[in-house]
Amino acid sequence: MNKVIKYVIIDILRNKIVVAYTIFLFIISFSVFSLEDNTAKGLLSLLNLILFIVPLVSIIFSTIYIYNSSEFIELLLSQPLKRKQIWLSLFSGLSVSMAFAYLIGTGIPLLIFEPSELGIIMVIIGCLLSIIFVAIAMLAAVSTRDKAKGIGVAILLWLYFALIFDGLVLFLLFQFEDYPLEKVMMLISAFNPIDLSRILILMQLDVSALMGYTGAVFKDFFGTGIGFIVALLTLLLWVYIPLLLSLRKFKRKDL
Amino acid sequence: MIEAKNISKSFGKLKALDSVSISCNSGECIALIGPNGSGKTTFIKSVLGLVVPDSGEILFNKKNITNDWKYRSQIGYMPQIGRYPDNMTIGQLIKMMKDIRKMDADNSDEELIHNFQLEKIFDKRMRTLSGGTRQKVSAALAFLFNPVVLILDEPTAGLDPVASEILKEKIIKEKQKGKLILITSHVLSELDDLISQLIYMQDGKLIVHKSIEELRTLTKEQKLSKAIAKLMIQSAGNE
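Residues numbered from 1 in each chain as written. Chains lettered and ligands numbered in written order. Predicted model: local features only at pLDDT ≥ 70, side-chain atom pairs only at ≥ 80, totals over all residues. Heavy atoms only, no water.

Trainee: Honestly, the overall build of chain A in this entry has me stumped. Any pointers?
Mentor: Along its length, chain A carries 11 helices and 0 strands. Reading chain A from its N end, one meets helices and strands in the order α-α-α-α-α-α-α-α-α-α-α. Relative to its length of 255 residues, chain A is compact, with a C-alpha radius of gyration of 19 Å against a globular reference of 18 Å. Referenced to the eigenvectors of the C-alpha coordinate spread, the extents of chain A come out at roughly 60 × 40 × 30 Å. By the burial criterion, 53% of the 255 residues in chain A qualify as buried. Sequence separation of at least 24 residues holds for 79% of the intrachain contacts in chain A that already meet a minimum separation of 6. As presented, chain A carries roughly 11900 Å² of accessible surface, and 72% of it is formed by carbon and sulfur atoms. (Helix = DSSP H or I, 4+ residues; strand = E, 2+ residues; numbered from the N terminus. Rg over C-alpha atoms; globule rule 2.2 N^0.38 Å. Buried < 20%, exposed > 50% of the residue type's maximum accessible area, 1.4 Å probe, protein only. Contact = heavy atoms within 4.5 Å. Areas by Shrake-Rupley, 256 points an atom, 1.4 Å probe, with all protein chains shown as cover.)

Trainee: Got a minute to help me understand the confidence of the model for chain A in this structure?
Mentor: Across chain A, pLDDT averages 89, with 98% of residues at or above 70. Per-element mean pLDDT across chain A ranges from 76 in helix α10 (residues 212–222) of chain A up to 94 in helix α6 (residues 117–143) of chain A. (pLDDT = per-residue confidence, 0-100.)

Trainee: Looking at this model, I keep getting lost on the environment of K45 of chain B. Mind explaining?
Mentor: Residue and element names in this part refer to chain B. Structurally, K45 is set in helix α1 (residues 40–48). Taking the relative accessible area as the measure of exposure, K45 reaches 16% and is therefore buried. For K45 and D153, which are 108 residues apart along the polypeptide, the C-alpha to C-alpha distance reads 9.9 Å.

Trainee: I tried to follow empty space enclosed by the protein on my own but got confused; where do I start?
Mentor: Tallied over the full model, the rule gives 3 cavities of 30 Å³ or more. Roughly 160 Å³ of internal volume is contained in the largest cavity. L75 and S78 of chain A together with Y77, P79 and Y84 of chain B are the residues nearest the centre of the largest cavity, which is lined by 16 residues in total. Elements represented by at least two residues in the lining of the largest cavity include exactly α4 (70–77) of chain A together with β6 (75–78), α2 (90–101) and α4 (131–144) of chain B. By residue class, the composition of the lining of the largest cavity is 9 nonpolar, 3 polar and 4 charged. Of the pockets and cavities examined, the second largest cavity occupies roughly 50 Å³. P155, T156, K168, I171, I183, S185, E190, L191 and L194 of chain B are the residues that line the second largest cavity. Elements that contribute at least two residues to the lining of the second largest cavity include exactly α5 (161–176) and α6 (188–191) of chain B. (1 Å grid on protein atoms, 1.4 Å probe; cavity = no way out; pocket = protein on both sides within 12 Å on 5 of 7 lines; lining within 4 Å. Points joined across faces, edges and corners; volume = space filled by probe spheres on them. Nonpolar A, V, L, I, M, F, W, Y, C, P; charged D, E, K, R; others polar.)

Next up, the structure:
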């Protein structure tokens, strides 16, 4: 198992995109913190940037990588290796590279400027988010044979999680504003890993006090230890379920 | 050694394999021929587990290959179009394959690597290689692990005459060691001195599986290419 992971990681590192992505994250993180004199403000701006960029790069890079390594997968499949092993190695290789890029690019500046619990939480969530979108990308890539279509699906998925989902939620909120939706909102947020990450981090910031009643309900739940763990587990489910589905599809795929 | 029982496979409407039953024994060198799209490659890929048949079963050494993967350690496969990771060099690729197969230097068969003089270009990246050099790498990889079964999909396509001759000699040598060799090819004249059995497929169906002697007496032709041409015309006439 480790051998295949090793070759996947070497291959990804040879591909300069990940290095460029790391440097890009590093520059952004540093400049955001240098621009704002207040670290809390810097954190908020950085949060919004990260919640857009990390999923986008993760999902698109992984999808393209899976399509481009179809030769590699074919080669491995004619060797005495299990399909499950090959697929999980690809996933691990991609996850490690994306999470590592985030860890270096954003993790280091974050921990320099905000060496607190909050900084650590942000690092963990960024890594988790990277891995979640690797898993989603693998599901998108295994579902369609056509490369252009697969990348299109990946971009659409990102758009959905980053923008459309919020639009839908807002629409729902306005339609049912007469009803108490705070608890429902908590459940709905579990269906979008980006939203869930945003809430998790916002709850650690003081700005959550400005978010009205919904914010208070959220703080009541996500601010506590149990709520935090439930949210983290939900994020882990977001890794597990797409990965499991993609693995099941890959096992039956013709190459 | 390899036994396929009634395997069928469809890609959408196209029936690539239509209840094909083939049994292959070690020591044979079997040519798999047929027009383009007759299901040869699909059959080979089913044996390798790259394609999962819709129905039927394939036995390798009397063991069903579904959900098995260890049997592939006994197969050397040379694909029709060798596709390899672009960023790897030939040397890295060969090293990686040895690593994955857990091979030592002693029990690997590097004859083809020497004969094709691949060492000289070990640091060339795969994406810069010509089609023919790629074929050489594919061939070298297929023979590298001393497998009991060799599956060669269009082995000589794209190779220059010298390389093609080297490969043919190697195939004959391995055949004499009692290995099972499956070859698909379009260049019939090349197969003349290699093969001992012939499988002819058309539209996903197995039409003929006979030994060369039988075939020669049947069609009364000495040259393989002529015998096969006769066979093709016959089977076309029957429809």
